[in-house]
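Residues per chain are reported as follows:
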Amino acid sequence: MSPMERLMQEAVPVRPERADGTLGLWTQQDQDRHWNDLCEAMRVPGQQRPTQDQRDHAA
């Protein structure tokens, strides 16, 4: 099974669960970790994350 297939089988939460069981917002560290996991799965480690401006113009 490829890294991408393993990643797609995971349940990716919209918001991670806090230690107290409540849902919280993604921290910068959570976002960075998630982005790095996606890059590894796509075999492009170290790829720079797009900026908000780049995302706005892509739509």
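Quantities reported herein were computed from a predicted structural model and do not represent experimental measurements.

The rules behind the values
- Residues numbered from 1 in each chain as written.
- Predicted model: local features only at pLDDT ≥ 70, side-chain atom pairs only at ≥ 80, totals over all residues.
- Heavy atoms only, no water.
- Helix = DSSP H or I, 4+ residues; strand = E, 2+ residues; numbered from the N terminus.
- Buried < 20%, exposed > 50% of the residue type's maximum accessible area, 1.4 Å probe, protein only.
- Contact = heavy atoms within 4.5 Å.
- Areas by Shrake-Rupley, 256 points an atom, 1.4 Å probe, with all protein chains shown as cover.
- Salt bridge = Lys/Arg side-chain N within 4 Å of Asp/Glu carboxyl O.

Visitor: Got a sec to walk through the overall build of the protein chain? Specific residues and values, please.
Guide: Counting its regular elements, the protein chain contains three helices and zero strands. Across the 59 residues of the protein chain, 8% fall into the buried class. Of all intrachain contacts in the protein chain linking residues separated by at least 6 positions in sequence, the fraction that spans at least 24 positions is 26%. Approximately 5200 Å² of the protein chain is accessible, and the part contributed by carbon and sulfur atoms is 52%.

Visitor: Outline unusual backbone geometry, supporting the account with residue identities and numerical values.
Guide: Phi is positive for Arg43, which is not a glycine, with a value near 60°. Along the chain, the position of Arg43 falls in the loop between helix H2 (28-41) and helix H3 (52-58). We classify Arg43 as exposed; its relative accessible area is 64%.

Visitor: Quick one: what's the story with the pattern of salt bridges, residue by residue and with numbers?
Guide: As enumerated under the stated definition, the model contains two salt bridges in all. Notably, a salt bridge pairs Asp30 with Arg33, separated by 3.4 Å at the nearest N-O pair. Note that Asp30 and Arg33 are positioned in helix H2 at a spacing of three residues, about one turn of the helix. A residue is classified by how much of its surface remains accessible, and Asp30, at 16% relative accessible area, is buried. Where Asp32 meets Arg49, a salt bridge forms, and the shortest distance between an N and an O atom there is 3.2 Å.

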